2 protein chains.
Amino acid sequence: MALKLEPGARLVVATHNPGKARELAEILDGRFELVAAGELGLPEPEETEQTFCGNALLKARAAAEASGLIALADDSGLSVAALDGAPGIYSARWAGPDRDFALAMAKVEARLEEAGADDFSAWFTSALCVAWPGGPAVVVEGRVDGTLSFPPRGDKGFGYDPIFVPQGHALTFGEMEPAAKDGMSHRARAFVKLKAALL
Amino acid sequence: MALKLEPGARLVVATHNPGKARELAEILDGRFELVAAGELGLPEPEETEQTFCGNALLKARAAAEASGLIALADDSGLSVAALDGAPGIYSARWAGPDRDFALAMAKVEARLEEAGADDFSAWFTSALCVAWPGGPAVVVEGRVDGTLSFPPRGDKGFGYDPIFVPQGHALTFGEMEPAAKDGMSHRARAFVKLKAALL
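What comes next is a walk through the structure.

1. Some remarks on the pairing of strand β4 (residues 121-131) of chain B
Residue and element names in this part refer to chain B.
Part 1 of the reasoning: Most of β4 sits out of view: ten of its eleven residues are buried.
Part 2 of the reasoning: Here ten bridges tie strand β3 (residues 70-80) to β4, and the two strands are oriented antiparallel to one another. Bridged to serine 76 within β4 is serine 126.
Part 3 of the reasoning: Strand direction decides the pairing type here: β4 and strand β5 (residues 137-148), joined by eleven bridges, are antiparallel.

So this is what it looks like as structure tokens:
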């Protein structure tokens, strides 16, 4: 069992988030045959870990064991400096059961106001994990730094993208074309590391 | 950056547990130059994750980033079937700040009595993680099944070894010579996977 991903390998993508699944497919760019965890009827495990890497590992492991396929999982989120890194691993949970990110972004804005913060620095983190059934798992992490901007702008991304302006840019991730975001995002940077390790 | 461990590589061993450090050194059998995290004055990170793999990852990542060296960490513990897998990731914590495993083993026995359990099945799990500074991490898990036996017997191992009789054997891990335990232990089984992946 060598730690190599052969081109064309069949991978189960351990996410039930359509935005993430789409972006992973874009970034992987036809290198693999992707199967969604939902298509296989895999359950969504509870994300009990306290780090992005831990949750990516937990999701990939669960999907690999349940499917017998090599699994790829992403755990990602927005960390705000003035909020001590919140929402962080709770980024999705701040959007509630309806995955309402307008609500989640309003919550970030309200918390910054309450804190009287004038530092709007933030960063996105993406942990990617590839797990082999019964075998090892490889975990990498990518990060992109930027600044929050309110009100939200753009509808091209997902999650907190409309309030995040990456360093050195004027557009939010929500306003960028997918190819532009995929060239600099946390997820793309994690994938560069994964590629260096496994391809 | 290929996911390979070259023989003779310098590895920092991210454990402050002397028993684990000794066993890892035995299992690695001179393949690498091992440096203890304590020797480098690395802090012991808080084990905040809810799985063995997550905690191994957290410890290896922290040691790799703090030292700039490739890091190896182990997170391991005893799970008792009749106690719903307890103490599990809390195995070391059941021994208290003084790492008093006589106390921890007595607690296991008391809990089994309280529960009126007649199933003494248990298993040891070891998660091993190798992390590259700024780079990927590889995680594997090994397990050995067995039966608990009271009172504790033998002083050759550490932790819960004196109450654990591996399947198909009569001696506890505490009574076995290191070479015998290292031939079948959870840690050795995890290492076989790690070796297959990285060596």
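2. A look at the interface of chain B and chain A
Part 1 of the reasoning: Contact residues are listed per partner, giving 19 residues for chain B and 19 residues for chain A.
Part 2 of the reasoning: Across the interface of chain B and chain A, roughly 1500 Å² is buried in total on both sides, 61% from carbon and sulfur atoms.
Part 3 of the reasoning: The three residues of chain B that bury the most area against chain A are Leu3(B), Glu49(B) and Leu57(B), which together make up 26% of that side's buried surface.
Part 4 of the reasoning: Inspection of the region where chain B meets chain A yields zero salt bridges.
Part 5 of the reasoning: Counting across the interface, chain B meets chain A through eight residue pairs in polar contact (both at pLDDT 80 or more).
Part 6 of the reasoning: Of all the secondary structure elements, the ones that give two or more residues to the side of chain B that touches chain A are α2 (52-67), β5 and α5 (186-198) of chain B.
Part 7 of the reasoning: Taken together, the residues that form the side of chain B that touches chain A break down as twelve nonpolar, five polar and two charged.
Part 8 of the reasoning: The sheet contact formed by strand β5 (residues 137-148) of chain A and β5(B) spans three bridges and is antiparallel.

3. A look at the nonpolar core
Part 1 of the reasoning: Leu3(A), Leu194(A), Leu198(A), Leu3(B), Leu194(B) and Leu198(B) are the most contacted members of the largest nonpolar core, which totals 44 residues.
Part 2 of the reasoning: Setting aside anything within four residues of it in sequence, one finds Leu194(B) in contact with Leu72(B), Leu128(B), Val130(B), Val138(B), Val140(B) and Leu199(B).
Part 3 of the reasoning: Core analysis: the second largest hydrophobic core is formed by 40 residues, Val139(A), Ala71(B), Ala73(B) and Ala137(B) among them.

4. Here we look at the layout of surface pockets
Part 1 of the reasoning: Its volume calculated, the largest pocket comes out at about 780 Å³.
Part 2 of the reasoning: For the largest pocket, the lining is made up of 37 residues, of which Asn17(B), Lys20(B), Glu47(B), Ala92(B) and Arg99(B) are closest to its centre.
Part 3 of the reasoning: Of all the secondary-structure elements, those providing two or more residues to the lining of the largest pocket are α1 (18-28), α2, β3 and α5 of chain B.
Part 4 of the reasoning: When the residues that make up the lining of the largest pocket are grouped by side-chain class, the tally is 17 nonpolar, ten polar and ten charged.
Part 5 of the reasoning: What the second largest pocket holds in volume is close to 550 Å³.
Part 6 of the reasoning: Around the second largest pocket, the lining comprises 30 residues; the ones closest to its centre are Asn17(A), Lys20(A), Ala92(A), Arg99(A) and Phe101(A).
Part 7 of the reasoning: If you list the elements that add at least two residues to the lining of the second largest pocket, you get β3 (70-80) and α5 (186-198) of chain A.
Part 8 of the reasoning: Ranked by residues supplied to the lining of the second largest pocket, first place goes to β3(A) with four residues.

Parameters and conventions
- Residues numbered from 1 in each chain as written.
- Chains lettered and ligands numbered in written order.
- Predicted model: local features only at pLDDT ≥ 70, side-chain atom pairs only at ≥ 80, totals over all residues.
- Heavy atoms only, no water.
- Buried < 20%, exposed > 50% of the residue type's maximum accessible area, 1.4 Å probe, protein only.
- Helix = DSSP H or I, 4+ residues; strand = E, 2+ residues; numbered from the N terminus.
- Pairing = 2+ DSSP bridges.
- Contact = heavy atoms within 4.5 Å.
- Buried area = accessible area lost by both parts, 1.4 Å probe.
- Salt bridge = Lys/Arg side-chain N within 4 Å of Asp/Glu carboxyl O.
- Polar contact = N/O pair within 3.5 Å; in protein donor to acceptor, adjacent residues only side chain to side chain.
- Nonpolar A, V, L, I, M, F, W, Y, C, P; charged D, E, K, R; others polar.
- Core = buried A, V, L, I, M, F, W, Y, C linked by side-chain atoms within 4.5 Å.
- 1 Å grid on protein atoms, 1.4 Å probe; cavity = no way out; pocket = protein on both sides within 12 Å on 5 of 7 lines; lining within 4 Å.
- Points joined across faces, edges and corners; volume = space filled by probe spheres on them.

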